[in-house]
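Chains, contacts and geometry: an overview
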Amino acid sequence: MSNVYTFGGALPQDNARSDDPRTRDKTIVGGKGANLAEMAGIGLPVPPGFSITTEVCTAFNASGGQFDDAPRAEVAAGIAHIETVTGKAFGDPADPLLVSVRSGARVSMPGMMDTVLNLGLNDATVEGLAAASGDARFAWDSYRRFVQMYADVVLGLDHYRFEDALEIAKEDNGFFTDTEMQAEHWQALVAEYKGIVAEELGRDFPQDVHEQLWGAIAAVFESWDSERAKVYRRLNAIPHDWGTAVNVQAMVFGNMGDTSATGVAFTRDPATGEKAWYGEWLVNAQGEDVVAGIRTPQYLTRAARERAGAKPLSMEEAMPEAFAELGQVFDLLERHYRDMQDIEFTVERGKLWMLQTRSGKRTAKAALKMAVDMAGEGLIDRTEAIRRVDPMALDQLLHPTLDPSAVRDVLTRGLPASPGAASGAVVFDADAAERRAALGEAVILVRVETSPEDIHGMHAAKGILTARGGMTSHAAVVARGMGRPCVSGASSLSIDMTRRVAKIAGREVAEGEVITLDGSTGEVMAGAVATIEPELVGDFGVLMAWADEVRRMRVRANADTPADCKIARQFGAEGVGLCRTEHMFFDANRIRSVREMILADDEKGRRTALAKLLPEQRTDFIGIFREMAGLPVTIRLLDPPLHEFLPQGDAEFAELAEVTGLGVDHLKRRAAELHEFNPMLGHRGCRLGITYPEIYEMQARAIFEAACEVAETGDAPVPEVMIPLVGTKRELELMRALVNRVATEVFSEKGRTLEYLVGTMIELPRAALMAGEIAEEATFFSFGTNDLTQTTLGVSRDDAGRFLGTYVEQGIYARDPFVSLDIDGVGQLVALAAERGRATRPEIKLGICGEHGGDPASIAFCEAQKLDYVSASPYRVPIARLAAAQASLS
Ligand code: PEP
Ligand code: MG
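Just so it is clear, the structure is predicted and the values come from calculations on it, not from any experiment.

A few words now on the sheet that holds strand 21 (residues 501-504). Here three strands make up an open sheet; going across it, the order is 20-21-22 and the pairing antiparallel. At either end of the open sheet lies a strand with only one pairing partner, and these are strand 20 (493-496) and strand 22 (507-510). Each neighbouring strand pair of the sheet contributes to a mean axis angle of 25°, computed without reference to strand direction. In terms of strand pairing, strand 20 meets strand 21 through four bridges, oriented antiparallel. Bridging across to strand 21, leucine 493 finds its partner in isoleucine 504.

Okay, here's the thing in structure tokens:
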């Protein structure tokens, strides 16, 4: 087992041509090293070099910065390899070999670790480089770049001192740009740079090229543990124990005059996916000049240049031969990797060199187009096309998104609770939102937190912003369900309701002022930012159809209204997995009857109020059944604590007193009686049905009457009546008997019998543990993983936003467990309940309707448990379809 693997150069001992899989294993030689070896192996022009393995990095950092003897000897052999291929010697004062030393982890961590270029220059070799290249200016420019970079990266000196010295040198000479500096100016600057090093460190800049090399290797390894690299890894869930490889490679120069150049390119357009080369290049420049933006890069192809109306010649026009060779390389790389490549290249005096290739990052739109196109071209098969697209990236396509070219004035950042972008006038209460929206104004509802009473305002608003609440807070769940962009938990937001002004991170925004939300990033911006509308046709439809062919699990939607059902069906939902009936109760016209029902003194009073609600609920269900004709619809009976529906403020109490004929004091006393200390664990779920059976009776009646009516004229629906928050078999037994009794009554009244199911949610640990018994009463289980997560973790879903972020940052949970199922913990309960439920009733239907039903990692877990379906909010249905297909394939 080696510590060092060479590449480049058609020599038999070159590892890149060997069969050793470690030479191309990203975990060993890093992503960059593996791809360099791969390119060299297929005969592309790669400057010779070697990779020092990630294992050496791990050992080096674990030993507190010591190298073993073995890597030392192998690095020497690696240098010898480069010397043989290039015919130059490291440290040779006549014609020196110069190398680059770069990091290369398994996955790219752009800009997070260190790089040193032009290594091998010293006071002697710079003269050799000048002579060999015939270009003293180039040699001294390279030396000053090297001293500055090495001083910064390896010696830890502040780069500002060097930049200042350069500025002063230009000023003293009356120059504006670096290009005006001649050999002697660079030479003088090198002397000054070396003076800075000696002054700061009390020793001279290292002249020994081997000392330079080992210093650079150690610095790159150490940069794995730099603060910025650690933060990047935490944010991107990259394990800390991977380590980075180091790539040492012969330098090639794009800055050797007008026949030299450097550039970056994509084999297809990363923004649109179009099959057209896309890139930038600069004549007479080094790689960092393109990235640093000192000079404006030029277009690669003539077509792109002409489209942009730009003057400077494209590479296609200026260097036709090198460009033609580059085109062949693009084709070869795409065929080899069967994916779009992101490439770095250099032309040194007319000769093309490849410095890097990797799979290119792309927008969701481009990912879709490329996957479908490449399957059409025979580059990949359909299965691979399905695997290529990140389901979560589809989010970008399903909602209006901000125009990436628009300017953003970011006020603050909260949680990206519901994707999409929206601009509108700030309003601070739901009524104002409704009123202003009715007049055709786009509004953003800004609240400390939302409650069920805000539903009408949320519906009327284009977007929702809250100061409190996590990813499954009321605002987040409802907003996602409605497809409204939402930023929640923006903790720097406070609202002064007396002045009707919001304070956002120190800036004041008055009611009526326009802001923009990006629910995909959590950004809150001042003013209106232009948006682009989603496109769901073309490649999107094609890929979805392929996904549907391979997926095993069904995909349903969490939808509460006929309008939601319609959208869900357009997005491909195969039924409703959760209809939260309480959302219907909040309608402005009904809330009075609901309040009357809750505050009634006795069953008779409640029944009178419920009789008013019955026709309304029936109408809702008729609408939903019609939209979902022929598909299963799971309707959950009333779940939330009753006091959520209570009147707020004197005006509402007075209004209710008038309707009911009861005194305000009496109503207030009754409301106080309903107060709960911990409503999430209080009088909610089936506990409502157990204590007030008439509520569930009314709902069951509305369901069956609606089903009978729809069956008269169309496809008979198969209602699945779902009882929430069950913990014991007896609860379900009682509620099922109630539902069955009502069904029998309605069917006999209507003279028709319809098929229906009665089942339960599994959302309490006890329900999961007792699933074997509970299944005796249930024909289906739907995992309510929002509550199951809350009750298993003992973490309130409404309060989690305050601390879960810190938990995720510190790696206590890898991801927010309300977003991505805690498979290790909550997952055990799901698996156990599925197993026990099936043991009692093998044909039991199993699904999930918590928010996790729209999360790809959780969907993969559901597939592993062989659930029958997942249910997600309407806008997540396509994501779930693709994720379920990918899960079927793995
Ligand atoms: C759940 O608890 O997972 C669920 C779907 O129900 P709700 O979010 O309405 O409590
Ligand atoms: Mg629940």
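On we go from here.
Looking at ligand 1, there are 14 residues lining it, with Arg580, Gly784, Asn786, Asp787 and Arg797 nearest. Within the contact set of ligand 1, an oxygen atom lies 2.7 Å away from a backbone nitrogen or oxygen of asparagine 786. A total of 290 Å² of accessible area belongs to ligand 1 in isolation, and the protein chains cover 96% of it. Elements that contribute at least two residues to the shell around ligand 1 include exactly strand 27 (576-580) and helix 32 (785-793). In terms of residue count, the dominant contributor to the shell around ligand 1 is helix 32 (three residues). Across the shell around ligand 1, the residue classes tally to three nonpolar, four polar and seven charged.

Let us now look at the pairing of strand 28 (residues 632-636). Where burial is concerned, most of strand 28 is hidden: four out of the five residues are buried. In this sheet, strand 28 lies alongside strand 27 in parallel orientation, the contact comprising three bridges. In the strand pairing of strand 28, arginine 580 is matched with arginine 636. Note: strand 28 against strand 29 (residues 718-723), five bridges, orientation parallel. Within the sheet, the bridge partner assigned to valine 633 lies in strand 29 and is proline 719.

Quick look at the coordination of the magnesium ion (ligand 2) now. The magnesium ion (ligand 2) binds to the protein through Glu763 (OE) and Asp787 (OD), with metal-donor distances spanning 2.0 to 2.2 Å. One end of the pair, glutamate 763, is in the loop between strand 30 (757-762) and helix 30 (765-769); the other, aspartate 787, is in helix 32, and 24 residues separate them in sequence. Assessed through its relative accessible area of 1%, glutamate 763 is described here as buried. Looking at aspartate 787, the relative accessible area reads 3%, which means it is buried.

Let's shift gears to helix 7 (residues 183-201). An α-helical turn contains 3.6 residues, so a residue and the one three or four places further along point in the same direction. In this model helix 7 runs 27 Å from its N-terminal to its C-terminal C-alpha over 19 residues, within 8% of the 27 Å that 1.5 Å per residue would give. Packed against the buried residues of helix 7 are helix 5 (136-153) and helix 6 (159-173). Remark: glycine 202 follows helix 7 within two positions and exhibits a positive phi of approximately 70°.

Moving on, we get to the packing of helix 20 (residues 539-550) against helix 36 (residues 877-889). At a minimum axis distance of 8 Å, the contact between helix 20 and helix 36 shows a crossing angle of 45°. Comparing their axes, helix 36 and helix 20 come out oblique. Pair helix 20 / helix 36 crosses with left-handed handedness. Every residue of helix 36 that contacts helix 20 at Phe540, Leu543, Met544, Ala547, Asp548 and Val550 is listed here: Pro878, Arg881, Leu882, Ala885, Ser888 and Leu889. Split by residue class, the contact of helix 20 with helix 36 holds nine nonpolar, one polar and two charged.

With that out of the way, let us pick up the environment of leucine 734. As for its placement among the helices and strands, leucine 734 is situated in helix 29 (residues 729-750). Overall, the relative accessible area of 35% leaves leucine 734 in the partly exposed class. Each C-alpha atom, one on leucine 734 and one on isoleucine 690, is 7.7 Å from the other, the two residues being 44 residues apart in sequence.

Here is what the cut-offs are and how they apply
Residues numbered from 1 in each chain as written. Chains lettered and ligands numbered in written order. Predicted model: local features only at pLDDT ≥ 70, side-chain atom pairs only at ≥ 80, totals over all residues. Heavy atoms only, no water. Pairing = 2+ DSSP bridges. Helix = DSSP H or I, 4+ residues; strand = E, 2+ residues; numbered from the N terminus. Axes fitted to C-alpha atoms, helices over the stretch in contact; angles between N-to-C directions. Near = heavy atom within 4 Å. Polar contact = N/O pair within 3.5 Å; in protein donor to acceptor, adjacent residues only side chain to side chain. Areas by Shrake-Rupley, 256 points an atom, 1.4 Å probe, with all protein chains shown as cover. Nonpolar A, V, L, I, M, F, W, Y, C, P; charged D, E, K, R; others polar. Buried < 20%, exposed > 50% of the residue type's maximum accessible area, 1.4 Å probe, protein only. Donors = N, O, S within 2.8 Å, 3.2 Å for Na, K, Ca; no water. Expected span 1.5 Å × (residues − 1). Contact = heavy atoms within 4.5 Å. Parallel < 35°, antiparallel > 145°, perpendicular 65-115°, else oblique. Left-handed = near helix turned anticlockwise from the far one by under 90°.

These figures come from the coordinates and say nothing about function on their own.
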